[in-house]
Amino acid sequence: MITALCVIFSLLCCLLTCAMCLLSAVRNSSRRRELRMQRLFAGRYMRMVTMRMLDADGVPMSRFPMIERRGARDMLARTLSSVAMSTCTGDMGAVRRIVVANGIESWLLRRIRLSHGFQRARYMSILSSLPVSRSTADVVNRYASVRNRHLCFRAMMVRISSEPLSALRELSLYPYRLSPFEMNELTAMLRRGLLPLAFEPLLASESENLRMLGMNIVRIFGISESEYRLLEIVSGDGSEEFRDDAIYTLVSLHLPVTGADIVGRVRSMSTSARRSFYRRLAAEGYSVSALVELAGGADEDEEYVESLAASYKRSLVCM
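Every chain is numbered on its own, with residues counted from 1 as its sequence reads. With pLDDT at 70 or above as the cut-off, local features in this predicted model cover only qualifying residues; side-chain atom pairs require 80 or more to be listed or tallied, and sums for whole chains, interfaces and linings still use all residues. Working from all heavy atoms in the structure, the side-chain values ignore hydrogens and water.

A. Spotlight on the environment of Asp301. Looking at the element boundaries, Asp301 is found in helix 17 (residues 299-318). For Asp301, a relative accessible area of 5% puts it in the buried group. Aside from chain neighbours lying at most four places away, what touches Asp301 is Arg274, Arg275, Tyr278 and Ala295. Note on conventions: DSSP H or I runs of at least 4 residues are helices, E runs of at least 2 residues are strands, and numbering of each starts at the N terminus. Only protein chains enter the calculation, and the probe is 1.4 Å; a residue is then buried if its accessible area is under 20% of its type maximum, exposed if over 50%, and partly exposed in between. The criterion used for residue contact is that any of the two residues' heavy atoms lie within 4.5 Å.

B. Focus on the packing of aromatic side chains. Aromatic rings from Phe, Tyr and Trp, taking only the six-membered ring of Trp, are treated as a pair when their centres fall within 6.5 Å; an angle between ring planes under 30 degrees marks them as stacked, one over 60 as edge-to-face, and anything in between as tilted. Following the criterion strictly, the structure yields four aromatic pairs and no others. Between Phe153 and Tyr174, the aromatic rings sit 6.0 Å apart at their centres with planes inclined by 65°, giving edge-to-face as the arrangement. Residue Phe153 is found in helix 7 (residues 149-162), and its partner Tyr174 is found in the loop between helix 8 (167-173) and helix 9 (180-191); the two are separated by 21 residues along the sequence. Its relative accessible area of 7% is what places Tyr174 among the buried residues.

C. Quick peek at the environment of Ser145. Tracing the sequence through the fold places Ser145 in the loop between helix 6 (134-141) and helix 7. Setting aside residues no more than four positions away along its own chain, Ser145 makes contact with Leu151 and Cys152.

Purely spatial values, then, with no claim about function.
Set out below in structure tokens:
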């Protein structure tokens, strides 16, 4: 009896092993076939999109070949997203016509509805890089959740993409402080000419996110005319972190940093923060006299800035 049970158990284990091996082989084969199709779609669709972008005025409202096949719309959506993120405002009309003709917008909305978490945020990210309609933004807004920062930010980006003039309102209502990654995404839209924003109203805004974006614009585009606004922020009653950002922005523009408000703020910093600031000044090429003036007669700080400046000068000579 025991022997028969052992034989039956062994046979069941063998059958289960064979079934699992067969299932694994089928899945691997399906995966390889899917990857081959993706490579086929990627190459063909990128060539077609490139040709149509070169002749933007003559882009026909026609579907791409094999668009109904599995994975085709996913690949076309990613291709169009990559193209759109390196395209300026004037060429977005061609992207929009391709999106509409191939049903990419409705496909992405369906994927957003059926997915969750980071996968949903990924589809929303693709959608936010494309020129979409206001009705699409309204649909996506249903899935925004203040408890999920990624979805909240992606929904905001879709709304801005659908209506760029709403950017100021959307950013002022965003419930989180913009992270460096989020700031970079907004700056990329600015570089492409998609956001009609100027630095002055941003720096004068009561919203911290808008002021941060304004300073980022100033740093990236090197707008030295913003000096008076930045000095107002340093002398204002904002948070210490925000005032420090304004000082570092002045440094990135190589503007004078020995004003009374700046000196007072630097001397109130912790030792580690102050020395980090000295290192930044030395790296940016500020003179020893400027660093010594900021040190304010503190022997320890003066010795540090003099040795720091000398070390940077030696590195420049050796280069």
